[in-house]
Amino acid sequence: MIPVLGGSGPVIPSFGSGSSCEQNNGWWCTDWLREHWGDTLQPALVQHIELVAIAIAAGFLIASVLAIAGFRYRLLDVPVGGFADFLYTIPSIALFQLLVPFTGLTVLTVEIALTSYTLFVLYRNMVAGLRGVPEDALEAARGMGLTRVQTFFRVELPLASPAVLAGLRIATVSTVSIATVAAFVVPKGLGEPIFIGLDQNLFKTEILAAGGLAILLALAADVALAWFARAVTPWSRA
Amino acid sequence: MSVLADQFTAHTFVDAFRFIGDNASLMLSKTGQTCELAFAALGIALALALPLGLWLGHRHRGLFLALGVSTLGRALPIIVLIAFGLTVLGVGFWNNTAALVVLGIPPILTNAYFAVDGADRDAVEAARGMGLTERQVLLRIELPLGLPLIVAGVRISAVFVIASATIAAIAGGGGLGDIIVNQASYGLAGVIAGSLCVSAVALLTALALGLVHRAVSRSTTARA
């Protein structure tokens with residue numbers, strides 16, 4: 001213990017002086033939610049959506065380029081696919097830390113890690129979708145005199161899109177979930193209230209509320225993307 | 001929670017391997033703990049999800065359950081599960097095991113369901129016509145036909161559970177996660193060393209499952 005100099009009264013640790021919600025720490029405390037929705041949960045939710053949206057957009061772009069390359073040049077598929085698999089086996093909490101020396105305790109660190117996790121699902125689904133285009137369709141395209149580029153945009157891409165969109169759904173839902181670990185590096189997203197709740201003597205209401213929001217956000221994104229997929233690929237039942 | 005940032009140089013990876021060499025017994029025992037935790041969870045998940053998935057697929061029932069479970073499984077953050085487990089079960093082995101079991105179930109259940117559900121209907125009908133019981137149809141026809149998909153599900157689940165087991169260190173779960181989340185004590189080389197071991201365990205498990213799959217499919221083809 002560090003001796004208190006100056007002697008201006010006893011030093012009282014601050015952790016016992018929370019609201020009645022925090023002192024009782026019951027399963028659910030509506031008062032706390034009402035009080036802290038505006039300053040804790042709502043900003044965390046918005047930050048979480050930002051983290052995920054950027055990672056998915058970046059991952060989708062990178063995976064598209066890689067998938068087109070891996071589809072055209074089969075030799076590339078093995079190393080690229082293997083690397084994406086390997087990235088997926090790195091524990092998220094380790095990947096975040098490995099990047100810190102390069103990019104610091106910043107959002108960029110988080111985005112790089114989250115983006116690498118999306119690659120595994122997106123790349124695999126894109127290549128599978130493109131490979132799954134029936135030979136008949138390609139032959140018909142050739143018979144119609146379409147060029148290579150036209151075949152890609154008018155035949156292969158539309159036929160691969162259900163698989164691509166299925167990958168997008170899976171990647172989005174998982175990223176919403178993994179992004180909670182991001183709070184280990186930067187105090188952003190729904191993971192932050194969870195870590196704070198864990199630190200503050202396991203404050204249940206905060207943990208359950210933030211965790212519940214993360215799960216609901218993931219499920220909402222899944223439903224929204226399912227609708228989107230149905231709207232843009234009306235010919236498939238998915 | 002905060003992370004210290006060590007200086008990262010070209011030598012850090014060399015240092016990571018040196019760290020493994022210098023602390024071989026520590027790494028071994030931590031890897032052992034991680035394996036114990038992950039494989040216990042995986043075993044329980046397998047025992048729960050595989051029979052259920054096979055049975056539902058055989059009956060062609062519960063499509064909604066199979067799809068819902070797989071989405072829900074992806075949506076559940078491991079941290080939330082562990083934090084929730086802490087409030088219910090307290091610190092310890094079972095809290096983390098329970099969280100990992102919940103994470104491990106969805107890929108196994110969903111893949112088992114679709115593997116059996118999608119087995120060639122003609123083959124199944126032919127087997128019924130030959131007088132096989134429902135149990136025999138499931139075990140001798142649908143299971144071998146769906147094996148690639150079933151093993152793929154187990155593999156996804158295994159990699160996911162092993163990688164997530166490190167986060168259990170936050171809740172006193174021990175294992176390699178103790179090193180990975182404690183850069184202050186072990187340095188960046190330790191963090192890299194720890195995650196290299198986790199990746200190695202995950203990749204070796206995936207490889208082993210691939211070999212099992214190959215061996216099993218060869219023996220079933222030989223018997224047929």
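Before any of the text, the structure's been laid out above.
What you see is a predicted model, and the numbers here were worked out from it, not measured in a lab. (Residues numbered from 1 in each chain as written. Chains lettered and ligands numbered in written order. Predicted model: local features only at pLDDT ≥ 70, side-chain atom pairs only at ≥ 80, totals over all residues. Heavy atoms only, no water.)

Things to note about the overall build of chain A
A count of helical and extended segments in chain A gives 9 helices and 0 strands. Here chain A, with 238 residues, has 48% of them falling under the buried criterion. Contacts in chain A between residues far apart in sequence, at least 24 positions, make up 74% of those at least 6 positions apart. Total accessible area on chain A is roughly 12200 Å²; 67% of this is exposed by carbon and sulfur atoms. (Helix = DSSP H or I, 4+ residues; strand = E, 2+ residues; numbered from the N terminus. Buried < 20%, exposed > 50% of the residue type's maximum accessible area, 1.4 Å probe, protein only. Contact = heavy atoms within 4.5 Å. Areas by Shrake-Rupley, 256 points an atom, 1.4 Å probe, with all protein chains shown as cover.)

Observations regarding empty space enclosed by the protein
In total, this model carries 2 cavities of 30 Å³ or more according to the counting rule given. Looking at the largest cavity, its volume works out to about 220 Å³. Lining the largest cavity are 17 residues, and of these S92 and I178 of chain A together with F160, A163 and S164 of chain B sit closest to its centre. Breaking the lining of the largest cavity down by element, the ones donating at least two residues are α7 (148–178) of chain A together with α7 (134–165) of chain B. Here the residues of the lining of the largest cavity sort into 14 nonpolar, 3 polar and no charged. A volume near 40 Å³ is recorded for the second largest cavity. (1 Å grid on protein atoms, 1.4 Å probe; cavity = no way out; pocket = protein on both sides within 12 Å on 5 of 7 lines; lining within 4 Å. Points joined across faces, edges and corners; volume = space filled by probe spheres on them. Nonpolar A, V, L, I, M, F, W, Y, C, P; charged D, E, K, R; others polar.)

Overview of the interface of chain A and chain B
Of the residues lining the interface, 35 residues belong to chain A; the matching set on chain B comes to 34 residues. Across the chain A/chain B interface, buried area totals approximately 3400 Å², and carbon plus sulfur atoms make up 81% of it. Looking only at chain A, the three residues that lose the most surface to chain B are T89, Q97 and F184 of chain A, adding up to 17% of its buried area. Linking chain A with chain B are 2 residue pairs in polar contact (both at pLDDT 80 or more), by the criterion used here. Sorting the residues of the side of chain A that touches chain B by element identifies α3 (74–89), α4 (92–103), α7, α8 (191–199) and α9 (204–232) of chain A as the ones contributing at least two each. The biggest single contributor to the side of chain A that touches chain B is α9 of chain A, with 9 residues. Per-class residue counts for the side of chain A that touches chain B are 25 nonpolar, 7 polar and 3 charged. (Buried area = accessible area lost by both parts, 1.4 Å probe. Polar contact = N/O pair within 3.5 Å; in protein donor to acceptor, adjacent residues only side chain to side chain.)

Some points on helix α4 (residues 78–89) of chain B
Taking 1.5 Å per residue, 12 residues should reach 16 Å; α4 of chain B reaches 15 Å between its end C-alpha atoms and fits that length. The buried fraction of α4 of chain B amounts to 9 of the 12 residues, a majority that puts the element mostly inside the structure. Taken residue by residue, α4 of chain B has I78, I79, V80, L81, I82, A83, G85, L86 and T87 of chain B as its buried positions. Against the buried residues of α4 of chain B lie α8 and α9 of chain A together with α5 (93–117) and α7 of chain B. In the stretch just after α4 of chain B, G90 of chain B is the one whose phi turns positive, near 80°. (Expected span 1.5 Å × (residues − 1).)

A short note on the pattern of salt bridges
Residue and element names in this part refer to chain A. Going through the model one piece at a time under the given rule, you end up with 9 salt bridges over all chains. The partner of E156 in a salt bridge is R72, and the shortest N-O contact between them spans 3.9 Å. With a gap of 84 residues between them, E156 in helix α7 and R72 in helix α2 (residues 30–72) connect regions that are remote in the sequence. For E156, a relative accessible area of 2% gives the class buried. Three or more residues are tied together by salt bridges with common partners; here these are R72, R148 and E156. (Salt bridge = Lys/Arg side-chain N within 4 Å of Asp/Glu carboxyl O.)

A short note on the packing of α7 of chain A against α9 of chain A
All names here are of chain A. Closest axis-to-axis distance for the α7/α9 pair is 9 Å, and the angle between their directions is 170°. Classed by the angle they form, the pair α7 and α9 counts as roughly antiparallel. The hand of the α7/α9 crossing is right-handed. Taken together, the residues of α9 that come into contact with α7 (itself represented by L165, L168, R169, T172, V173 and V176) are A214, L217, A218, A221, D222, L225, A226, F228, A229 and V232. Per-class residue counts for the contact of α7 with α9 are 13 nonpolar, 1 polar and 2 charged. (Axes fitted to C-alpha atoms, helices over the stretch in contact; angles between N-to-C directions. Parallel < 35°, antiparallel > 145°, perpendicular 65-115°, else oblique. Left-handed = near helix turned anticlockwise from the far one by under 90°.)

A word on the packing of aromatic side chains
For any pair of aromatic rings, the description consists of the separation of the ring centres together with the inter-plane angle of the planes. For the coordinates displayed, the defined rule picks out 4 aromatic pairs over all chains. Aromatic pair Y113 of chain B and F114 of chain B: ring centres 5.1 Å apart, planes at 90°, arrangement edge-to-face. (Phe/Tyr/Trp six-rings, centres within 6.5 Å; stacked < 30°, edge-to-face > 60°.)

What to know about the environment of L52 of chain B
Assignment of secondary structure puts L52 of chain B in helix α2 (residues 24–59). Along the sequence, L52 of chain B and I108 of chain B sit 56 residues apart, while their C-alpha atoms lie 9.8 Å from each other.

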